[in-house]
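The chain contents come next:
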Amino acid sequence: MTGSTTALIEARDVVLSFGQTPALRGADLSVAAGEILAVMGPSGSGKSTLLHCMAGILVPDSGEVLFDGRRVDRMREPERSELRRDRFGFVFQFGQLVPELTAEENVAMPLLLGGARRGPALAEARGWFPRLGLDGLEGRRSGELSGGQAQRVALARAMAARPDVLFADEPTGSLDSLTGEQVMELLVDAVRENGTTAVIVTHEARVAACADREVMVRDGKVTSLRLERTGP
Amino acid sequence: MNVPLTLLGLLERQSSHGYDLKRDYDTYFSPGKPLLLGQVYSTLGRLARDGKVVVGAAEPGAGPDRKRYVITERGATEVEVWLTEPVETEQHLQTELFTKVVLALMLGRDASAYLDLQRTAHVARMRELTEIKRTGLLIDKLLADHSMFRLEADLRWIDVTQARLGALAEEVRK
Ligand SMILES: Nc1ncnc2c1ncn2[C@@H]1O[C@H](COP(=O)(O)OP(=O)(O)O)[C@@H](O)[C@H]1O
Ligand SMILES: [Mg+2]
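Residues numbered from 1 in each chain as written. Chains lettered and ligands numbered in written order. Predicted model: local features only at pLDDT ≥ 70, side-chain atom pairs only at ≥ 80, totals over all residues. Heavy atoms only, no water.

A few words now on the site of ligand 1. All names here are of chain A. Every residue close to ligand 1 is listed here: F18, T21, A23, P42, S43, G44, S45, G46, K47, S48 and T49. Backbone polar atom of G44 to an oxygen atom of ligand 1: 2.6 Å apart, as the coordinates give it. Protein burial of ligand 1: of its 560 Å² of free accessible surface, 58% is covered by the chains. Mapped onto the shell around ligand 1, the elements with two or more residues apiece are β2 (21-32) and α1 (47-54). When residues of the shell around ligand 1 are assigned to their parent elements, the largest contribution, three residues, is made by α1. (Near = heavy atom within 4 Å. Polar contact = N/O pair within 3.5 Å; in protein donor to acceptor, adjacent residues only side chain to side chain. Areas by Shrake-Rupley, 256 points an atom, 1.4 Å probe, with all protein chains shown as cover. Helix = DSSP H or I, 4+ residues; strand = E, 2+ residues; numbered from the N terminus.)

Let us look at the packing of aromatic side chains. The description of two aromatic rings rests on the distance between their centres and on the angle between their planes. Residue and element names in this part refer to chain A. Scanning the entire structure with this criterion turns up eight aromatic pairs over all chains. For the ring pair F67 and F88, a centre distance of 5.0 Å and an interplane angle of 90° mean the geometry is edge-to-face. Of this pair, F67 sits in strand β4 (residues 62-67) while F88 sits in strand β6 (residues 88-91), and the two are 21 residues apart along the sequence. In this structure, F67 and F88 share a single accessibility class: buried. (Phe/Tyr/Trp six-rings, centres within 6.5 Å; stacked < 30°, edge-to-face > 60°. Buried < 20%, exposed > 50% of the residue type's maximum accessible area, 1.4 Å probe, protein only.)

What follows is about the interface of chain B and chain A. In this assembly, 18 residues from chain B lie in contact with 18 residues from chain A. Taken together, the two surfaces of chain B and chain A that pack against each other cover about 1600 Å², and 55% of this comes from carbon and sulfur. The tally of links between chain B and chain A comes to five salt bridges. The closest approach of N and O atoms between R206 of chain A and D145 of chain B, which form a salt bridge, is 3.4 Å. Put simply, chain B and chain A have six residue pairs in polar contact (both at pLDDT 80 or more) between them. Looking at the side of chain B that touches chain A, the elements that each hand over two or more residues are α6 (111-135) and α7 (138-163) of chain B. (Contact = heavy atoms within 4.5 Å. Buried area = accessible area lost by both parts, 1.4 Å probe. Salt bridge = Lys/Arg side-chain N within 4 Å of Asp/Glu carboxyl O.)

The subject of this paragraph is the side chain of T161 of chain B. All names here are of chain B. The residue T161 is located in helix α7 in this model. A distance of 2.7 Å separates a polar side-chain atom of T161 from the backbone oxygen of W157. Those residues in contact with T161 that sit more than four places away from it in its chain are V101, L115 and L168.

Residues and elements named next belong to chain A. Ranked by size, the top nonpolar core spans 60 residues in total, and within it V153, L155, L166 and I200 carry the most contacts. Top element by residues in this core is helix α5 (residues 147-160). It accounts for eight residues. Discounting residues that sit within four places of it in the chain, I200 has contacts with I36, L37, A38, V39, A168, P171, M184, L187 and V207. Among the nonpolar cores identified, the runner-up in size contains 30 residues, and C53, M75, F90 and V215 belong to it. (Core = buried A, V, L, I, M, F, W, Y, C linked by side-chain atoms within 4.5 Å.)

The following block contains the structure:
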């Protein structure tokens, strides 16, 4: 899982500041196809900013972002927007479901935005509910869901269009540990089943422990450590 | 881990042979790190000497394992008291981790690199435990969870210490 040859997404020497605040100062990260990567690090270290750059939400001041060999940082917004819609899925800490829509409509949203017809999109969306332990909640609105349920609906929505990459930013950040663990188990199962690559930002070690590998972001740079096998 | 009291506790459930005790102990309390049978018998010997268990007559079929151990009133009382007492609250203090960091700083070594490595080792262990939790029985999950929470506590400590290394270095080098 090393080397840029197998990388599906890559950040090279990415620099980004918000006004005077440097958020990324030369971040390098390479994620292999099918890999589940955890991005850890203290609050304010630049994790979310890095995820946003890799996902084509933010454009770096300098450096390169590659997805499947294409320069995301050079794309114009419409192209990046299309990339996000067609190839990426997103799960955030909270507030991502549209409150006016039912759970199944929320899940169907990426499919509808991608041009699917309403009937098939809703049918596809409904298919996710039993898999994520959400049977019977199809018609609920986000205000009628518990935190863990809402996060599972958000996961279904992120996965509904079978993205190549799932980007998750503190997906369990608002949940208690047992609920968070269930959400992570479902997330990992879902991405493994679909062969989806996943980039999961978290400050929680037990979330990172669900990934294949973890990196640390510190002061806008990425450090990745591997344990050397020492001794006999 | 208090092996004698745990064995006593298992004996309170029912009288047992040494080998069966060992098997139950390994299954419930120490999966992956079995007791040595010799340790079981020496512990039972000491418990018998102290009047906490009695040894039944050897059953036909002989051999050392044919003896049945029965808990006494005294043993049962001890288990009962032990189960209600809080454990030492600092028995899991990671003194070696702490010592390494402080010594490294005193000696002008790279404590930060050490902490990074320890962090990686902890997360790697948590990954193994996560796998155990995914595939194991509920009892394995509970045990794995306990280890995970302890590792998490270490990791929090590692993170705050990492953030304070500069100040800590000044303090210990005075
Ligand atoms: N929209 C923004 N405007 C101004 N500063 C920001 C913005 N987003 C992030 N920052 C700053 O950039 C740095 C990195 O933030 P972020 O990537 O959100 O860190 P993390 O996700 O690791 O907590 C922080 O100093 C933060 O205050
Ligand atoms: Mg963040």
